[in-house]
Amino acid sequence: MKKVFLSLAIASVMVMVSCKEDASSKVNSDKAEVAAQRDEAGKNLPVMSFDKQEHDFGTIEMGTPQETTFTFTNTGNAPLIITDAKSSCGCTVPEYPKNTPIAPGESGSMLVKFNGSGMNQVTKTITVTANTAQGSELLRIKAFVNPKDANAAQGPIK
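So, here's what we can say about the structure. (Residues numbered from 1 in each chain as written. Predicted model: local features only at pLDDT ≥ 70, side-chain atom pairs only at ≥ 80, totals over all residues. Heavy atoms only, no water.)

### So, the overall build of the protein
Helices and strands together make up the secondary structure of the protein, namely three helices and eight strands. Beginning at the N terminus, the succession of helices and strands in the protein can be written as α-α-β-β-β-β-β-β-β-β-α. Scored against the burial criterion, the 158 residues of the protein give a buried share of 23%. The contacts in the protein between residues at least 6 apart in sequence include a share of 63% that link residues at least 24 apart. Summed over its atoms, the accessible surface of the protein is roughly 10600 Å², and 56% of this surface lies on carbon and sulfur atoms. (Helix = DSSP H or I, 4+ residues; strand = E, 2+ residues; numbered from the N terminus. Buried < 20%, exposed > 50% of the residue type's maximum accessible area, 1.4 Å probe, protein only. Contact = heavy atoms within 4.5 Å. Areas by Shrake-Rupley, 256 points an atom, 1.4 Å probe, with all protein chains shown as cover.)

In structure tokens form, the structure reads like this:
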């Protein structure tokens, strides 16, 4: 037990003695200036501002294709690049300007197609991945889907 205590005491003294150097003397001012410029440039990010975050198709008949356009503007101060857009289900397909830089102040659009599948209240999400501060934006579409044949919704008759 004494050997363990003695070993820990010696290790503690070594750590305290070796850390007495002045850390500010090790800072390279040229590298600090480059790092400051890099950090300042990192603040210049695109901002994706949509005209709407959600679209309601209202009441539709099952299987009736629907589509809407989400318009967005780059309100940031760096080019906006959309790298991906995925929907929560295969029945919804987004079309977007993939990997195309959109300059600050410029606008773009994303066409979202929904095939009208499902029943009753249906909500789908589209996740847009871009080089914004958040990294992704979330859009929603919704509809109330009525069956094509009203009798089919009632089920079997006995």
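So, next bit.
### Quick look at the environment of Thr83
On the secondary structure map, Thr83 appears in strand 4 (residues 82–87). Along the primary structure Thr83 and Tyr96 are separated by 13 residues, whereas in three dimensions their C-alpha atoms are 9.4 Å apart. If we skip the residues at most four places from it in the chain, Thr83 touches Tyr96, Lys98, Asn99, Thr129 and Ala130.

### Quick notes on the sheet that holds strand 3 (residues 66–74)
Sheet architecture is open: four strands sit in the order 1-3-6-5, paired in antiparallel fashion. Two strands lie at the open edges of the sheet, namely strand 1 (48–50) and strand 5 (92–95), each paired on one side alone. Between one strand axis and the next, the sheet turns through 30° on average, direction left out of account. Alignment of strand 1 against strand 3, held across three bridges, turns out to be antiparallel. Bridged to Phe50 within strand 3 is Phe72. (Pairing = 2+ DSSP bridges. Axes fitted to C-alpha atoms, helices over the stretch in contact; angles between N-to-C directions.)

### Topic: the sheet that holds strand 7 (residues 120–130)
Judged by pairing direction, the sheet is mixed, and its four strands sit side by side in the order 2-8-7-4 without closing on themselves. Edge positions in the sheet fall to strand 2 (54–61) and strand 4, since each has one partner strand and no second. Across the sheet, the mean angle from the axis of one strand to that of its neighbour is 20°, orientation sign disregarded. Here strand 2 runs beside strand 8 (residues 136–146); their pairing, made up of six bridges, is parallel. Within the sheet, the bridge partner assigned to Glu61 lies in strand 8 and is Asn146.

### What to know about the packing of aromatic side chains
This structure, assessed with the given rule, holds two aromatic pairs. Taken together, a centroid distance of 6.2 Å and an interplanar angle of 15° make the contact between Phe57 and Phe114 stacked. Of this pair, Phe57 sits in strand 2 while Phe114 is found in strand 6 (residues 107–114), placing the two residues 57 residues apart along the sequence. Grouping residues by exposure puts Phe57 and Phe114 together as buried. Sitting above the plane of the Phe70 ring, Lys52 keeps its charged end 5.3 Å from the centroid. (Phe/Tyr/Trp six-rings, centres within 6.5 Å; stacked < 30°, edge-to-face > 60°. Lys NZ or Arg CZ within 6 Å of the ring centre and 35° of its normal.)

### Notes on the side chain of Asn74
Along the chain, Asn74 turns up in strand 3. On the accessibility criterion, Asn74 (1% relative accessible area) is buried. A polar contact is formed between the side chain of Asn74 and the backbone nitrogen of Gly76, at a distance of 3.0 Å. Filtering out sequence-adjacent residues up to four positions away, Asn74 remains in contact with Pro46, Val47, Pro79, Leu80, Ile102, Ala103, Pro104, Gly105 and Glu106. (Polar contact = N/O pair within 3.5 Å; in protein donor to acceptor, adjacent residues only side chain to side chain.)

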